[in-house]
Amino acid sequence: MNKKNQQMNPIALRVDVSKNIGFGHIKILIELKNRLKHNKFFWLIGGDIKIIKDLFKKNNFIFVKNENQALKFIKKNNIKKVIIDISHNINLINNKISKIQNKYLENNIKLISFDHPYQKIISHISIIPYFFDKKKIKKNKNSKLFLGPDFFLHNIVENRSYTKNIKNILIVVSGTDPKNIGFKIYNMIKDLNYNFKVILGENYENIKKNNLNKKVKNLILLKRSKNINKEFSWSDIVICGEGHIKYEAIFANKPLIIAHQFNYKDILINEFLKLNICLSIGKFTIQRKEYIKSKIKKYITNKKKITIHRNNTKKLFNKLKMSKKIELMICLLYTSDAADDSLR
């Protein structure tokens, strides 16, 4: 297939968005779409329609209620290649994700997927942009695997300047923050002498209405960030959740504190924490308020510990190496043709 014919065939981007799933999956696909030199994409999005409409103001997406509906649309529009990122907890239960991906393969679709290392890898091209032992991954022998944070797609600008005297704290647990942990952390540490910026997600209106009767001098509240690089640039340290946002903070070259909103014993989180590049305060609960506050306070003033974490980060994340690897991956995604029968 020549390049001209490739350009004529549309590509489907399949993803889910909701309060519990968050925005990490869709942010990665948006970044991938921006890097692929292609003339036509279709967004197929499942999850919370209200949030989706808020994100896609022009309604240029297809709302997906089930995978059969998505496949029907794909066939109708002669789509031969689908890029999918739906390996979240809901689909990982009972290996539902493999059943979904098999439906695409059975319909002779070229399948490119962002996956979780827990699942069996069956796509033509699989991207797992996390630290994990390759030997522990079960995959089809013909699946092409891109493993490691070098393949984490982002548009984060590295902040070269660095101050050891921290003044500004950015709290962004996740894009949606369903458990309202960001504002709860702020309430725990608000009496410390720092400036705070808190990204609240879907809790924004309720928090503004029920908690703040007047403007607080050292506090800025945002529902979402239109430019996360701007928020990173403002901050001297970041407190975030265990999702994709932790990688973005690292790429922005910021000291990092992680508050775990879900299962902090998850294997991917443990692999990340072994790198010794951040502080973990463990599972967030109100009952641990004094402990959490003490840990955060000590870390912010521990210049030696922060320096160790920053040095470890520089060793592990080489910007030039990452850029070259992503270029090679994008080239393969772009030039890959119709599906191989050998993977079905």
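Each value, and the rule that gives it
Residues numbered from 1 in each chain as written. Predicted model: local features only at pLDDT ≥ 70, side-chain atom pairs only at ≥ 80, totals over all residues. Heavy atoms only, no water. Helix = DSSP H or I, 4+ residues; strand = E, 2+ residues; numbered from the N terminus. Contact = heavy atoms within 4.5 Å. Salt bridge = Lys/Arg side-chain N within 4 Å of Asp/Glu carboxyl O. Buried < 20%, exposed > 50% of the residue type's maximum accessible area, 1.4 Å probe, protein only. Phe/Tyr/Trp six-rings, centres within 6.5 Å; stacked < 30°, edge-to-face > 60°. Lys NZ or Arg CZ within 6 Å of the ring centre and 35° of its normal. Pairing = 2+ DSSP bridges. Axes fitted to C-alpha atoms, helices over the stretch in contact; angles between N-to-C directions. pLDDT = per-residue confidence, 0-100. Arc of directions from axis to C-beta.

Chemist: How should I be thinking about the environment of Ile 74 in this particular structure?
Modeler: Structurally, the position occupied by Ile 74 is in helix H4 (residues 67–76). Spatially, the C-alpha atoms of Ile 74 and Phe 42 are 9.1 Å apart, while their sequence positions differ by 32 residues. Beyond its immediate stretch of four places on either side in the chain, Ile 74 contacts Ala 12, Leu 44, Ile 79, Val 82, Tyr 104 and Ile 109.

Chemist: Help me understand the pattern of salt bridges in this model?
Modeler: When the charged atoms of two side chains lie near each other, side chains of opposite charge can form a pair. The final tally for this structure, using the stated rule, is 14 salt bridges. Glu 67 serves as the salt-bridge partner of Arg 14, at 2.7 Å between the closest nitrogen and oxygen. Note that Arg 14 is positioned in strand E1 (residues 11–17) and Glu 67 in helix H4, a separation of 53 residues in sequence. For Glu 67, a relative accessible area of 8% puts it in the buried group.

Chemist: Explain helix H7 (residues 181–189) here, please?
Modeler: For an α-helix, 3.6 residues make a turn, and residues three or four places apart therefore share a direction. Along H7, seven of the nine residues are buried, which leaves the element largely enclosed by surrounding structure. Turning to H7, its buried residues number three or more, namely Ile 181, Gly 182, Phe 183, Ile 185, Tyr 186, Met 188 and Ile 189.

Chemist: Before we go on, may I ask you to explain the packing of aromatic side chains in this structure?
Modeler: Two aromatic rings are characterised by how far apart their centres lie and by the angle between their planes. On inspection of all chains with the given rule, the structure shows 13 aromatic pairs. With centroids separated by 6.3 Å and ring planes inclined at 40°, the aromatic side chains of Tyr 130 and Tyr 247 adopt a geometry described as tilted. With Tyr 130 in the loop between strand E6 (125–128) and strand E7 (144–147) and Tyr 247 in helix H10 (residues 245–251), the pair connects residues that are 117 residues apart, well separated along the chain. Here Tyr 130 and Tyr 247 have matching classes, each one buried. Note that Lys 197 overlies the ring of Trp 234, its terminal NZ or CZ placed 4.8 Å from the centroid. Here Lys 246 stacks its cationic end above the ring of Phe 272, 5.2 Å away from the centre of that ring.

Chemist: Would you mind going over the pairing of strand E12 (residues 256–260) with me for this structure?
Modeler: Looking down a regular strand, the side chains alternate between one sheet face and the other. E12 sits mainly inside the fold: five of its five residues count as buried. Burial of E12 is two-sided: the residues Leu 256, Ile 258 and His 260 facing one way and the residues Ile 257 and Ala 259 facing the other way are all buried. Note: strand E11 (residues 237–240) against E12, three bridges, orientation parallel. Directly across from Cys 240, in E12, lies its bridge partner Ile 258.

Chemist: Can you walk me through the sheet that holds E12 in this structure?
Modeler: In any sheet, the strands associate via hydrogen bonds between backbone groups, in a parallel or an antiparallel arrangement. Spatially, the six strands line up as an open sheet ordered E10-E9-E8-E11-E12-E13, and their pairing is parallel. At either margin of the open sheet sits one strand with a lone partner, and together these are strand E10 (219–222) and strand E13 (279–283). For this sheet the average axis-to-axis angle between neighbouring strands, irrespective of direction, equals 15°. Where strand E8 (residues 168–172) and E11 come together, four bridges link them in parallel fashion. Each bridged residue has a counterpart across the sheet, and for Leu 170 the counterpart in E11 is Val 238. Across the sheet, helix H12 (residues 289–301) touches E8, E11, E12 and E13, and the angle it forms with E13 is around 175°.

Chemist: I would appreciate a short explanation of the confidence of the model for the chain in the present structure.
Modeler: Parts of the prediction with low pLDDT should not have their coordinates interpreted in detail. Here the chain averages 89 in pLDDT, and 94% of its residues register 70 or above. E8 holds the highest mean pLDDT among the elements of the chain, 98, whereas helix H1 (residues 3–8) holds the lowest, 51. Between residues 1–6, whose pLDDT stays under 50, and residues either more than four places distant or in other chains, the model counts seven contacts. Per-residue pLDDT stays below 50 along residues 338–344; that stretch engages in 18 contacts with residues further than four places along the chain or on separate chains.

Chemist: Can you help me understand helix H6 (residues 96–106) in this one?
Modeler: The set of residues buried in H6 consists of Ile 97, Ser 98, Ile 100, Gln 101, Tyr 104 and Leu 105. Taken down its axis, H6 places every buried residue within 160° of arc, on the same side. Those residues of H6 that are exposed and angled more than 90 degrees off the buried face are Lys 99 and Glu 106. Looking at the packing, one finds that the buried side of H6 touches E1, H4, strand E4 (81–85), helix H5 (89–92) and strand E5 (110–114).

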